[in-house]
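# Secondary and tertiary structure notes
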Amino acid sequence: MSAEFTLEKRGGERANEDGESRTADGRSAFRTAAGMTFTHNNSDTTQTTAPAKGFELRPKASHNGEIGGELLEISMGPQHPSTHGVFRMDVVLDGERVVQLKPIFGYLHRNHEKIAEGTTYLASIPYTDRLDYFCSLTNNWAYCLAVEKLAGLQVPERAEYIRIITAELTRLQNHACLGGFLLQDMGASGTPLMYAFREREKILDLFESLTGARMMCNYMRFGGCRCDLPAGWLEQSKRVVDDFPQFLDEFEALLNENEILMSRTQGVGVLPRALAVDASITGPMLRACGVNYDIRKVDKYGIYDRFQFRVPLGDHGDVYDRYMIRVLEMRESVKILQHALKDIPAGPIVDPKAKLRGFRPKPGEAYGRIEAPKGELGFYLISDGSPNPYRYRVRPPSFINLTILEDMCLGQHVADVVIILGSIDIVLGEVDR
């Protein structure tokens, strides 16, 4: 960063008319209070010389008393570990304060929506796994919900319970990892993230025994689920869910009142309530601003109306509130899971009218949405009666929530940018698609 400077003697007296101290060979030599040497030579080559004694370099003030200088533009990413994927930010700084920030997407674009328009409805389900690859089962559910509205399919009661169980387990592992990643971004290397991954591994073990895969599960089907629960799966799930509050107690005792976490997150990255609504922000980001909006309560999709759970709300909309909202949501998810695991009935797991081969819904359009762990995940489909959707469009929460990154970062320190980004909870698979 360059700026105008005036050279003064340490006693406050100006050096000479040119503000310089001449060395023996005629070059200008300036020395800062920190002992750094600045040399200037009118020739083509610049050489280092001994500092002029008794002088220091001070920023030159403008006529209104402000220190003049140039803005510094830096590029963060796309390989930076704290950008959570191949994502870049062009940040303009005045000193260490952010005055402009431009998020740059597209490094992971895989043509998801156009591929889906060129393949059958069923063949698109594995592609949805790879949107938010942390939450493949909720991705499956949102897509299947849109197709079921398009085709008029009814999901059996047992399959609805299985969907809710797998979705809330997905919410637990997503929010736990978000807490770990956020602390990692702050510099708390290792411990919080390993605590979170320890619990995530238990949940992924359940997914693997049910679907055959730990992350790319490909489990939901139109009108139900691909297969029934294996023997002993419910008992194993109950043990994981019953032990989860102990992990939350441990996690909160470690972090909630940690003075470093509080000083780095409280009052940082504030998102005003009006801006959150205007920008269509959803999920924990929106509820941290105090807006009571949860699609599980609003749409009551599936059988969520059978379960009693609260919607946690924040007061300030800062990074700390976004962290706490996710912690409180995990406790509510535990309540839903305990209820669902206790009440799940026997019965079929797929609508007998559902066709997997030769599936051709009637011409029409439908939009299916769910409360995914990161916010509203929606799929918009148009059918022309053919085996492929005429139009296929995804409404990904990571992408929408990322659009207000600059608003939250303006005026903040550059060191806080990665924390604010981490509190949004993005996965580049569904940002770029």
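Notes on the structure in this doc start here. Bear in mind the structure is a predicted one, so any value in this text is a computation, not a measurement.

### A word on the overall build of the chain
- Helix and strand counts for the chain stand at 15 helices and 12 strands.
- Buried positions account for 52% of the 433 residues belonging to the chain.
- Sequence-distant contacts, at least 24 apart, represent 68% of the contacts inside the chain between residues at least 6 apart.
- In the form shown here, the chain has an accessible surface area of approximately 19,400 Å², with 50% of it arising from carbon and sulfur atoms.

### Observations concerning the pairing of strand S10 (residues 364–372)
- Pairing analysis gives nine bridges linking S10 to strand S11 (residues 375–383), with the strands arranged antiparallel. Opposite glycine 368, over in S11, you have phenylalanine 379 as the bridge partner.
- Linking S10 back to S11 in an antiparallel pair, the connection comprises two residues.

### Topic: the environment of alanine 159
- Topologically, alanine 159 is positioned in helix H4 (residues 157–186).
- Alanine 159 gets classed as buried once you look at its relative accessible area, which sits at 0%.
- Separated by 67 residues in sequence, alanine 159 and arginine 226 have C-alpha atoms that sit 9.5 Å apart.

### A few points about H4
- For H4, built from 30 residues, the straight-helix expectation of 44 Å at 1.5 Å per residue is met to within 8% by its first-to-last C-alpha distance of 44 Å.
- Among the 30 residues in H4, 27 count as buried, and that is most of the element.

### Considerations on the packing of H4 against helix H6 (residues 233–255)
- Two elements in contact, H4 and H6, have axes whose closest approach is 12 Å; the angle formed by their N-to-C orientations is 25°. Judged on the interaxial angle alone, H6 and H4 are roughly parallel. As for the relative orientation of H4 and H6, their crossing is left-handed in sense. In this structure, H4 contributes Ile165, Leu169, Leu172, Ala176, Gly179, Gly180 and Leu183 to the contact, and H6 contributes Trp233, Val241, Phe244, Phe247, Phe251 and Leu255.
- Classifying every residue of the contact of H4 with H6 gives 11 nonpolar, two polar and no charged.

Conventions and cut-offs
- Sequence order as written defines the numbering, with residues in each chain counted from 1.
- Local features are withheld for residues below a pLDDT of 70 in this predicted model, meaning they are given only at 70 or higher, and side-chain atom pairs are given and counted only at 80 or more; totals for whole chains, interfaces and linings count all residues.
- Side-chain metrics rest on all non-hydrogen atoms present in the structure, leaving aside hydrogens and water.
- A run of H or I in DSSP counts as a helix once it spans at least four residues, and a run of E counts as a strand once it spans at least two, with each numbered from the N terminus.
- Categorising residues by exposure relies on relative accessible area from a 1.4 Å probe, with only protein chains included: less than 20% of the type maximum marks a residue as buried, more than 50% marks it as exposed, and the intermediate range marks it as partly exposed.
- Contacts are residue-level and defined by heavy atoms, with any inter-residue pair within 4.5 Å sufficient.
- Surface accessibility follows the Shrake-Rupley procedure with a 1.4 Å probe radius. Residue values consider only the protein chains on display as shielding.
- Should DSSP find at least two bridges between two strands, the strands are taken to pair.
- The length a helix should cover is 1.5 Å for every residue beyond the first.
- Axis geometry follows a simple rule: fit a line to the C-alpha atoms, using only the stretch in contact for helices, then measure angles between N-to-C directions, giving values from 0 to 180 degrees.
- To sort the angles, those under 35 degrees are grouped as roughly parallel, those over 145 as roughly antiparallel, those from 65 to 115 as roughly perpendicular, and the leftovers as oblique.
- Throughout, a crossing is termed right-handed when the near helix is turned clockwise from the far one, and left-handed when it is turned anticlockwise from it by less than a right angle.
- Amino acid classes used here: Ala, Val, Leu, Ile, Met, Phe, Trp, Tyr, Cys and Pro are nonpolar; Asp, Glu, Lys and Arg are charged; the rest, including Gly, are polar.

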